[in-house]
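Coordinate analysis (summary)
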Amino acid sequence: MYNYISGKLVEVTPAYAVIDCGGVGYMLEISLNTYTQIKDMGEVKLLTHFVVREDAQLLYGFFEEKERTLFRRLIEVNGVGVATARVMLSSLATDELVQAIVNEDAKTVQGIKGIGPKTAQRIVLELHDKLGKMEDFAVSPVKGLAGNKNREEALSALLALGFPKSTAEKSVGAVAESNPDATVENLIKMALKMM
């Protein structure tokens, strides 16, 4: 229904972005990867995926077509919903996730919070041929993450992703103690691996 939304970036967190487009503020659920790319922009264009559920209508936003395509492929897999796909895209860079799937590295996929061995195997089995044949998924070097945020922002992102407050606080606290200079993106990724 919506292909993209373009406009002024009014608010952005590691979990969502609000874009003012013609006087209407659109709230889009985003991954940590998209957040990293748009957080310092004034004007932004996000590709969208619209989800209609019984209890909600949600827009998911993506900075790159490659990430949106991967998101759509992931949710085609039985047992992988939109929330799980977003956590996967927040835990690993798009290229890292594609590389793991194409190389049939189920162990890396299983290392993502909420992905068990059977789901990891199913993702690899169903997607490794599809992704391997697509030109969009020629793997390129992963860009480094930038930004200097605090642990409260990392905690709020994990809460927005649906993790229990006590678990998120414990993980973020442990990561922040051992890595006091970590960026918010790194705090989230390391905390997700601990959960």
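Report follows, based on the coordinates. (Residues numbered from 1 in each chain as written. Predicted model: local features only at pLDDT ≥ 70, side-chain atom pairs only at ≥ 80, totals over all residues. Heavy atoms only, no water.)

Turning next to the sheet that holds strand β1 (residues 4-12). What the five strands build is a closed barrel, ordered β1-β2-β3-β5-β4; its pairing is mixed. Direction aside, the axes of adjacent strands within the sheet are offset by 55° on average. Judged from the six bridges that link them, strand β2 (residues 16-21) and strand β3 (residues 24-29) form a sheet pairing that is antiparallel. Across the sheet, the residue bridging to V18 is M27, located in β3. The sheet contacts of helix α2 (residues 65-76) involve β4 (43-52) and β5 (57-62), and relative to β4 the element is tilted by about 10°. (Pairing = 2+ DSSP bridges. Helix = DSSP H or I, 4+ residues; strand = E, 2+ residues; numbered from the N terminus. Axes fitted to C-alpha atoms, helices over the stretch in contact; angles between N-to-C directions. Contact = heavy atoms within 4.5 Å.)

Among the nonpolar cores identified, the biggest contains 57 residues, and L74, L97, V109, I123 and L158 are the most heavily contacted of them. Setting aside residues up to four positions removed in sequence, L97 forms contacts with L70, L74, M88, L89, L92, V109 and I112. (Core = buried A, V, L, I, M, F, W, Y, C linked by side-chain atoms within 4.5 Å. Buried < 20%, exposed > 50% of the residue type's maximum accessible area, 1.4 Å probe, protein only.)

As a further point, take the pairing of β3. Adjacent in sequence and paired antiparallel, β2 and β3 are bridged by two residues, among which G22 carries a positive phi angle near 65°. Alignment of β3 against β5, held across two bridges, turns out to be parallel. By the bridge assignment for β5, E29 is matched with Y60.

Another point: helix α8 (residues 165-178). With 14 residues, α8 extends 20 Å from end C-alpha to end C-alpha; this agrees with the ideal 20 Å at 1.5 Å per step. The elements touched by buried residues of α8 are α7 (151-160) and α9 (184-194). (Expected span 1.5 Å × (residues − 1).)

Looking at the secondary structure, you find C21 in strand β2. The class of C21 is partly exposed, set by a relative accessible area of 30%. Considered as a pair, C21 and S6 are 15 residues apart in the sequence and their alpha carbons are 6.3 Å apart.

If you check the backbone angles, E104 has positive phi at about 55° while not being a glycine. With respect to the secondary-structure elements, E104 resides in the loop between α4 (94-102) and α5 (106-110). Taking relative accessible area as the criterion, E104 reaches 49% and is therefore assigned partly exposed.

On to the pairing of β1, then. Here β1 runs beside β4; their pairing, made up of five bridges, is antiparallel. Within the sheet, the bridge partner assigned to Y4 lies in β4 and is L47. Summarising the sheet, β1 and β2 pair through four bridges and their orientation is antiparallel. In the sheet register, V12 faces β2, and the bridge partner there is A17.

What follows covers the packing of aromatic side chains. For the structure on display, the rule yields three aromatic pairs. Between Y2 and F50 the ring centres are 5.4 Å apart and the planes differ by 85°, which places this aromatic pair in the edge-to-face class. Pair noted here: Y2 is in the segment before β1 and F50 is in strand β4, with a separation of 48 residues, a long-range link. Where Y60 meets F71, the ring centres are 5.3 Å apart and the plane angle is 35°; that geometry is what we call tilted. One end of the pair, Y60, is in strand β5; the other, F71, is in helix α2, with 11 residues separating them in the sequence. Assessed through its relative accessible area of 5%, Y60 is described here as buried. (Phe/Tyr/Trp six-rings, centres within 6.5 Å; stacked < 30°, edge-to-face > 60°.)

Further remarks concern the environment of D20. Along the chain, the position of D20 falls in strand β2. Separated by 101 residues in the primary sequence, D20 and Q121 have C-alpha atoms spaced 40 Å apart. At 3.0 Å, the side chain of D20 forms a polar contact with the backbone nitrogen of G23. (Polar contact = N/O pair within 3.5 Å; in protein donor to acceptor, adjacent residues only side chain to side chain.)

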